[in-house]
Amino acid sequence: MSWSDKEPMISVRNVHKSFGDFEVLKGVSFDVMKGEVICIIGPSGSGKSTLIRCINALNDINEGSILVEGLEVNDPKLNKLELRKKVGMVFQQYNLFPHKTALENVMMAPIRVLKEDKKEVETRARALIKKVRLEGKENAYPGELSGGQQQRVAIARSLAMKPDVMLFDEVTAALDPETVGEVLVTIKELAEEGMTCILVTHEMGFAREVADQVYFTDQGLIVEHGPPATFFENAKDPRTRQFLSQIL
Amino acid sequence: MTQRSRSHDAPPKKTDMAVMLPVKRKAHDPFRLKLTPWHGVFLALVCIFTTSYGYATTAPEVDSIRTVMLRWMPLLLEGFLFNILISILSMAVGTAVGTMLGLAQISLMPPIRHSSWFVTQFFRNAPWLVLLFFAMYLLPFEFTIAGVTIPFPDWIKAIIGLSLPVMANVSEIVRGAVLSLPSGQWEAAESLAYTRRQTLWLIILPQCVKRMLPPWMNLYSILTMATVLASIVGVSEVMTLAGRVLAAEDGRTDLLAPLYSFVLFLFFVYCYPIARWTVYLESKFAVKG
């Protein structure tokens, strides 16, 4: 993989994706540089989630190209495991493994997938749990944690794999308004540390605060994008304006 | 826009309105038999009635029913233990093969998936007795391997015959349990770069055991009761022995009721606690999910 961090870490080109007759993505292109934080916003059904699920090959694409550090995702011979070691993902429904404790959830993949030393992994896992402010909850099962706490364990679990880029798929959408903040703080710290992040979100205030670039999608296309200041103040496209006026 | 449903596992909030508080579920009773002394009285009455009915019609010179029953009880119990042995071994074989078959049913390779589906459906929809006959009459009564003749007794053939339907049912239990898990579990594992095999063994199956246990125990109960089918093909289990006892006592008709009541009683005493335990586990797992 002849990728250098001068080039985009993720390069999405003319991606088309259909579920049956329904075309969800109709030719989407964008680039993400190392260390950038990208927020994708847009109405429901505009293809935001599908788009980021395509980046780690949870959905395959019908046409186009997605390069992740030089790995072509739209390649039938793609080694999906290699791709997924580079790309971490956090889901709306947390998807923690309910039969494992918080600590075990974080430790399992590095030990089983990366075959790392158990002691080293444990040290790292405990540090990550501390980082997401869940010290003392190491031995709690997911069922004993609140939604926000579970989501933070999910973030720690993903970080334990030392990914180069993190995907967040509407990670606060299923949370109580009060607990949204604690998850956003964790993500913000991550962004400030230089982690490359792609977020699908409905938290406009948050997007404005952390994003380097904001993308607005509607009906399977990127309608408009720009740095948050210009995007939120001077949106040019009428669809973006209408959407923002409804949300803000 | 976004669904912002209140998370079901959020900590309860303080409120003045009692209806707003989460419903307190009654703590589950530990495993407990629900039979009361009244049921015992009923069972005792049935036994006394059948026995005394038989006694009233007995000529004075033959042994009383109680004497006869006491005489044969150890033998019948031994026969019943044989039934339990057959049930345990059939269950073990059926579960081992059935689990593999169930996993084959969710294989990503169509030929494996389709053929295991067919095998499962075939044995699940066949009468148990017919399968037993098949095993009995199609399997040889002995094997010769490298000049050594190994006998292949009827009771082992019965175990194989009974394990076939068990296998098919376990296969469906496994498939159903795996498919009942939310797809998010698979996706989370995929995104963490687990292989499909790792996902299955480390993440999916451990969660399935809980879901599979009640139907599996239910199946075991049914299997135990079906072991008496082996009497039709001549295995010396409790029903065969009951028939022989009857013959040994010159076919006294007054023995029919007490003898078969006793056999029923044995099965009930063994299967009822299993049924209760199944119900208990079902209710316990239903809440935790």
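Structure's up top.
Owing to the predicted nature of the structure, the values given are computational and were not obtained by experimental measurement. (Residues numbered from 1 in each chain as written. Chains lettered and ligands numbered in written order. Predicted model: local features only at pLDDT ≥ 70, side-chain atom pairs only at ≥ 80, totals over all residues. Heavy atoms only, no water.)

Enquirer: Any chance you could explain the overall build of chain A here in plain terms?
Expert: Helix and strand counts for chain A stand at nine helices and ten strands. A globule of 248 residues ought to have a C-alpha radius of gyration of about 18 Å, and chain A, at 18 Å, matches this closely. Scored against the burial criterion, the 248 residues of chain A give a buried share of 58%. Relative to all contacts within chain A whose residues are 6 or more apart in sequence, the contacts with residues 24 or more apart total 64%. Split by element, the accessible area of chain A, about 10600 Å² in all, is 47% carbon and sulfur. Placing the 31 positive and 36 negative side-chain charges of chain A at their respective mean positions leaves the two points 4 Å apart. (Helix = DSSP H or I, 4+ residues; strand = E, 2+ residues; numbered from the N terminus. Rg over C-alpha atoms; globule rule 2.2 N^0.38 Å. Buried < 20%, exposed > 50% of the residue type's maximum accessible area, 1.4 Å probe, protein only. Contact = heavy atoms within 4.5 Å. Areas by Shrake-Rupley, 256 points an atom, 1.4 Å probe, with all protein chains shown as cover. Lys, Arg positive; Asp, Glu negative; His and termini not counted. Charge placed at Lys NZ, Arg CZ, Asp CG, Glu CD.)

Enquirer: Got a minute to help me understand the overall build of chain B in this structure?
Expert: For chain B, the helix and strand inventory stands at nine helices and two strands. Each helix and strand of chain B, placed in order from N terminus to C terminus, yields the pattern α-α-α-α-β-β-α-α-α-α-α. Split into buried and exposed, the 289 residues of chain B put 40% on the buried side. Of all intrachain contacts in chain B linking residues separated by at least 6 positions in sequence, the fraction that spans at least 24 positions is 74%.

Enquirer: Mind showing me how you'd approach the pairing of strand S10 (residues 221–226) of chain A here?
Expert: Each regular strand carries side chains that alternate between the two faces of the sheet. Residue and element names in this part refer to chain A. In the sheet, strand S9 (residues 213–218) pairs with S10 via five bridges, with the strands oriented antiparallel. Looking at the pairing, Phe 216 lines up with Glu 224 of S10. If you look at the hairpin formed by S9 and S10, you'll find two residues sitting between the two strands, and Gln 219 has a positive phi there, around 50°. (Pairing = 2+ DSSP bridges.)

Enquirer: Honestly, the packing of helix H3 (residues 110–124) of chain B against helix H5 (residues 154–180) of chain B in this entry has me stumped. Any pointers?
Expert: Each pair of packed helices can be summarised by the angle the axes make with each other and by the distance between the axes. Residue and element names in this part refer to chain B. The geometry of H3 relative to H5 is characterised by a closest axis approach of 8 Å and an angle of 125° between their N-to-C directions. In terms of orientation, H3 and H5 fall into the oblique class. When you trace H3 past H5, the crossing you get is left-handed. Here Val 119, Thr 120, Gln 121, Phe 123 and Arg 124 of H3 lie close against H5, whose contacting residues are Leu 164, Pro 165, Met 167, Ala 168, Asn 169, Ser 171 and Glu 172. Classifying every residue of the contact of H3 with H5 gives six nonpolar, four polar and two charged. (Axes fitted to C-alpha atoms, helices over the stretch in contact; angles between N-to-C directions. Parallel < 35°, antiparallel > 145°, perpendicular 65-115°, else oblique. Left-handed = near helix turned anticlockwise from the far one by under 90°. Nonpolar A, V, L, I, M, F, W, Y, C, P; charged D, E, K, R; others polar.)

Enquirer: How should the sheet that holds strand S1 (residues 10–19) of chain A be read in this particular structure?
Expert: Sheet strands pair by backbone hydrogen bonding; their relative direction is either parallel or antiparallel. All names here are of chain A. Taken together, four strands build an open sheet; the order of strands is S2-S1-S4-S5 and the sheet is antiparallel. At either end of the open sheet lies a strand with only one pairing partner, and these are strand S2 (22–32) and strand S5 (71–72). The sheet contact formed by S1 and strand S4 (residues 63–68) spans five bridges and is antiparallel. From the neighbouring strand, His 16 faces S4, where its bridge partner is Glu 63. Contacts from helix H1 (residues 48–55) reach S1, S2 and S4 within the one sheet, and its direction differs from that of S2 by about 60°.

Enquirer: I keep staring at the interface of chain A and chain B and nothing clicks. Help me out?
Expert: Often, the extent of an interface is quoted as the loss of accessible area on bringing the components together. Each partner contributes to the interface: chain A provides 40 residues, whereas chain B provides 27 residues. Summed over both sides, the interface of chain A with chain B buries roughly 2700 Å², with 56% coming from carbon and sulfur. One can count two salt bridges joining chain A with chain B. Put simply, A:Arg53 and B:Glu187 hold a salt bridge, and the shortest N to O gap is 2.8 Å. (Buried area = accessible area lost by both parts, 1.4 Å probe. Salt bridge = Lys/Arg side-chain N within 4 Å of Asp/Glu carboxyl O.)

Enquirer: Help me understand H3(B), please; the structure alone is not making it clear to me.
Expert: Helical periodicity: at 3.6 residues per turn, an α-helix aligns residues three or four positions apart in one direction. Residues and elements named next belong to chain B. When the terminal C-alpha atoms of H3 are compared, their 21 Å separation across 15 residues agrees well with the 21 Å that a helix rising 1.5 Å per residue should span. Burial in H3 covers these residues: Ser 116, Thr 120 and Phe 123. Each buried residue of H3 lies within a common arc of 75° when the element is viewed along its axis, so the set occupies one face. Those residues of H3 that are exposed and angled more than 90 degrees off the buried face are Pro 111 and Phe 118. Looking at the buried side of H3, the elements it contacts are helix H2 (65–105), helix H4 (128–138) and H5. (Expected span 1.5 Å × (residues − 1). Arc of directions from axis to C-beta.)

Enquirer: Got a minute to help me understand the environment of B:Arg66 in this structure?
Expert: With respect to the helices, strands and loops of the structure, B:Arg66 is situated in helix H2. Expressed as a C-alpha distance, the spacing of B:Arg66 and B:Leu255, which sit 189 residues apart in the sequence, is 9.9 Å.

Enquirer: Can you help me understand the environment of B:Pro258 in this one?
Expert: Residues and elements named next belong to chain B. Locating Pro 258 in the fold gives a position in helix H9 (residues 256–288). What makes Pro 258 buried here is its relative accessible area of 6%. In this structure the C-alpha to C-alpha distance between Pro 258 and Val 170, which are 88 residues apart in sequence, comes to 36 Å.

Enquirer: Is there a simple way to think about the sheet that holds strand S7 (residues 165–169) of chain A in this case?
Expert: Residue and element names in this part refer to chain A. Strands sit in the order S6-S7-S8-S3-S9-S10 across an open sheet of six strands; the sheet is mixed. Each edge of the open sheet is held by one strand with a lone partner, namely strand S6 (87–90) and S10. Each strand of the sheet is rotated relative to its neighbour by a mean of 20°, with strand direction disregarded. As paired strands, S7 and strand S8 (residues 196–200) are joined by five bridges and run parallel to one another. Note on S8: the bridge partner recorded for Leu 167 is Ile 198. Its contacts with the sheet put H1 on strand S3 (37–41), S6, S7, S8 and S9, and the angle it makes with S7 is roughly 150°.

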